[in-house]
Every structure is written in structure tokens, then in C-alpha cells.
Amino acid sequence: GDSVTQMEGPVTLSEEAFLTINCTYTATGYPSLFWYVQYPGEGLQLLLKATKADDKGSNKGFEATYRKETTSFHLEKGSVQVSDSAVYFCALSDAGGYNKLIFGAGTRLAVHP
Amino acid sequence: DTGVSQDPRHKITKRGQNVTFRCDPISEHNRLYWYRQTLGQGPEFLTYFQNEAQLEKSRLLSDRFSAERPKGSFSTLEIQRTEQGDSAMYLCASSLRAKGFTDTQYFGPGTRLTVL
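Residues numbered from 1 in each chain as written. Chains lettered and ligands numbered in written order. Predicted model: local features only at pLDDT ≥ 70, side-chain atom pairs only at ≥ 80, totals over all residues. Heavy atoms only, no water.

## Here's the deal with the pattern of salt bridges
Oppositely charged side chains can pair when the atoms bearing their charge come close.
And then number 1: Counted under the stated rule, the structure contains 7 salt bridges over all chains.
And then number 2: Put simply, Lys77 of chain A and Asp84 of chain A hold a salt bridge, and the shortest N to O gap is 2.8 Å. Here Lys77 of chain A matches Asp84 of chain A in class, with each residue buried.
And then number 3: Two residues, Arg64 of chain B and Glu83 of chain B, come together in a salt bridge whose shortest N-O distance is 3.4 Å. Residue Arg64 of chain B is found in the loop between strand 6 (53-57) and strand 7 (65-68), and its partner Glu83 of chain B is found in the loop between strand 8 (75-79) and strand 9 (88-95); the two are separated by 19 residues along the sequence.
And then number 4: Take Arg64 of chain B: its relative accessible area is 11%, and that puts it in the buried class.
And then number 5: Look at the salt bridges and you will find they share partners, linking Arg64, Glu83 and Asp86 of chain B into a network. (Salt bridge = Lys/Arg side-chain N within 4 Å of Asp/Glu carboxyl O. Buried < 20%, exposed > 50% of the residue type's maximum accessible area, 1.4 Å probe, protein only. Helix = DSSP H or I, 4+ residues; strand = E, 2+ residues; numbered from the N terminus.)

This is how it looks when you write it as C-alpha cells:
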């Protein structure tokens with residue numbers, strides 16, 4: 001079945017460092033891809049999405065490109081801030097019509113001043 | 001747009017008791033989803049409604065679980081005879097499905113269930 005694999009955390013960075021969180025997927029058909037973020041004590045929030053191959057999703061300085069050839073959707077940010085500390089989830093929406101989300105296990109990011 | 005709301009936010013119960021959670025989706029969203037999230041894991045799909053019709057149920061949803069969306073608006077998730085393994089965060093999400101529109105799911109804050 002469809003699945004998402006994320007790099008294990010925690011990822012610990014200093015402020016202004018470059019961030020990459022790897023995400024690869026296995027799916028039949030052509031799923032949409034998402035990054036959700038969960039800040040401490042808060043619910044899941046959509047960070048960005050891409051609906052077809054080569055699309056780039058972007059928001060709040062974060063970017064991810066839908067790479068069909070490598071089945072990847074890596075999250076990047078050029079300069080992280082302390083306020084970016086959170087758990088990041090990669091997810092795919094199955095192309096079967098019901099669009100249920102299949103999530104990775106999440107990657108915890110801790111940014112220190 | 002008031003967002004997806006869930007009630008209660010926390011529930012502590014004893015093993016064997018029944019519990020019911022409520023989800024109010026974003027108004028006019030026709031799709032509603034329930035997920036379960038355990039500590040250190042990503043959310044796992046439980047079930048899904050389009051309007052009042054329950055269209056898909058995960059194998060995770062045992063016979064002790066039942067979900068309804070009677071008028072296509074709010075939804076309830078009931079767990080009968082709770083077990084310690086039911087302890088988790090239960091998340092609700094809603095989305096709008098329309099022609100030519102890729103629906104995005106918006107999540108509520110979740111109900112944290114602790115079974116003693």
C-alpha cells in the first residue's frame with residue numbers, strides 16, 4: 001500500500017542554519033503531497049503542498065518540490081528561526097478518490113539561538 | 001472561518017467505559033475525516049464521510065468504534081468498552097471537495113483520550 005518515509009529526528013540546528021528534512025513516498029497513481037507542521041501544544045497546520053510532478057510548494061520560507069523520478073518531497077528552508085521548532089509531517093493524499101492522508105512518522109526540529 | 005473544533009479537548013476514562021467525541025467541521029466543508037495519533041507517530045486514518053455518508057473505514061476501526069455524521073454537519077466518534085490501547089489523540093479534519101479543486105484537509109486541535 002501507499003506509504004511515506006521521513007528522516008528520523010530529532011534534528012537540532014542553530015538559528016540561521018539551512019534545513020533539509022527528507023521525505024520519500026511509495027504510491028500507486030499520482031498522489032498530492034503535503035507538509036504539515038505541529039507546533040508545541042497546537043494542532044496540525046498545513047505548511048505547503050504540491051499536486052503534480054515538478055510543482056514547488058512554498059510558505060513561510062519553506063519549500064518542497066514534487067520529484068516523481070525520485071519519489072521525494074524534501075522540505076528545505078534557507079535560514080531557520082527558533083520559532084520554527086516543531087514536528088514536521090510529510091503526507092500524501094491517495095489518488096483513489098477519497099483523498100485520505102497517509103502520514104510519515106514526523107521529524108522533530110529543535111532550533112537553538 | 002472559525003476552523004475545525006473538537007470537544008472535549010481531554011478525556012480521562014476507566015477501562016470498559018464508553019466515550020464519545022464531537023467534531024464540528026469548517027462550515028460548508030462536505031468531507032470530514034477522523035484520524036488517530038499515538039505518541040511519536042504520525043496520524044493514522046480511521047474513517048471518512050462525504051456529507052452524511054460514511055464512505056471508508058480503516059481496518060484500525062474495530063467493532064467497538066462507531067462514527068456518525070447525521071446531517072452532514074458535525075460528527076461524533078464513539079468508543080465502546082474502552083481499552084488502554086485506545087489511549088491516543090483523536091483528530092478530526094474537514095475539506096471541501098468540488099470539481100477541479102484539490103481539497104486540502106484542515107485539522108482540529110484533537111481530543112486526547114487517556115484510558116486508565
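## With respect to the state of the cysteines
All names here are of chain A.
And then number 1: For the coordinates displayed, the defined rule picks out 2 disulfides over all chains.
And then number 2: Disulfide pairing is shown between Cys23 and Cys90; the S-S distance is 2.0 Å. Residues Cys23 and Cys90 are joined by a disulfide whose S-S torsion is about -70°; by sign, that bridge is left-handed. Taken together, the positions of Cys23 in strand 4 (residues 23-26) and Cys90 in strand 10 (residues 86-93) put the pair 67 residues apart, joining distant regions of the chain. (Disulfide = S-S within 2.5 Å.)

## A look at the environment of Leu75 of chain A
All names here are of chain A.
And then number 1: Among the secondary structure elements, Leu75 is positioned in strand 9 (residues 75-77).
And then number 2: For Leu75, a relative accessible area of 0% corresponds to the buried category.
And then number 3: If near-sequence neighbours (up to four positions away) are discounted, Leu75 is found in contact with Leu19, Thr20, Ile21, Trp35, Leu47, Leu48, Phe62, Glu63, Ala64 and Tyr88. (Contact = heavy atoms within 4.5 Å.)

## Quick notes on the pairing of strand 3 (residues 19-24) of chain B
All names here are of chain B.
And then number 1: The alternating pattern of strand 3 places Val19, Phe21 and Cys23 on a buried face, while none of Thr20, Arg22 and Asp24, on the opposite face, is buried.
And then number 2: Where strand 1 (residues 5-7) lies against strand 3, 3 bridges are found, and the strand directions are antiparallel. Across the sheet, the residue bridging to Ser5 is Asp24, located in strand 3.
And then number 3: Inspection of the sheet shows strand 3 paired to strand 8 by 5 bridges, in the antiparallel sense. Bridge pairing in strand 8 links Thr20 to Glu78. (Pairing = 2+ DSSP bridges.)

## Re the nonpolar core
Residues and elements named next belong to chain A.
And then number 1: Leu19, Trp35, Leu47, Leu48, Phe73, Leu75 and Tyr88 are the most contacted members of the largest nonpolar core, which has 27 residues in total.
And then number 2: It is strand 10 that provides the largest number of residues to this core, a total of 4 residues.
And then number 3: Excluding anything up to four places from it in sequence, Tyr88 contacts Gln6, Ile21, Trp35, Tyr36, Val37, Leu47, Phe62, Leu75, Gly106, Thr107 and Leu109. (Core = buried A, V, L, I, M, F, W, Y, C linked by side-chain atoms within 4.5 Å.)

## Some thoughts on the environment of Thr2 of chain B
Residues and elements named next belong to chain B.
And then number 1: Within the secondary structure layout, Thr2 lies in the segment before strand 1.
And then number 2: Among the residues examined, Thr2 registers a relative accessible area of 83% and is labelled exposed.
And then number 3: Each C-alpha atom, one on Thr2 and one on Ser27, is 8.4 Å from the other, the two residues being 25 residues apart in sequence.

## Digging into the sheet that holds strand 3 of chain B
Residue and element names in this part refer to chain B.
And then number 1: As summarised here, the arrangement of the 4 strands in space is 1-3-8-7, forming an open sheet in which the pairing is antiparallel. Two strands bound the open sheet, and with one partner strand each, they are strand 1 and strand 7. Sheet twist, expressed as the mean angle between neighbouring strand axes with direction ignored, is 15°.
And then number 2: The pairing of strand 7 with strand 8 spans 4 bridges and is classified as antiparallel. Note that in strand 8 the partner of Ala67 across the bridge is Leu77. (Axes fitted to C-alpha atoms, helices over the stretch in contact; angles between N-to-C directions.)

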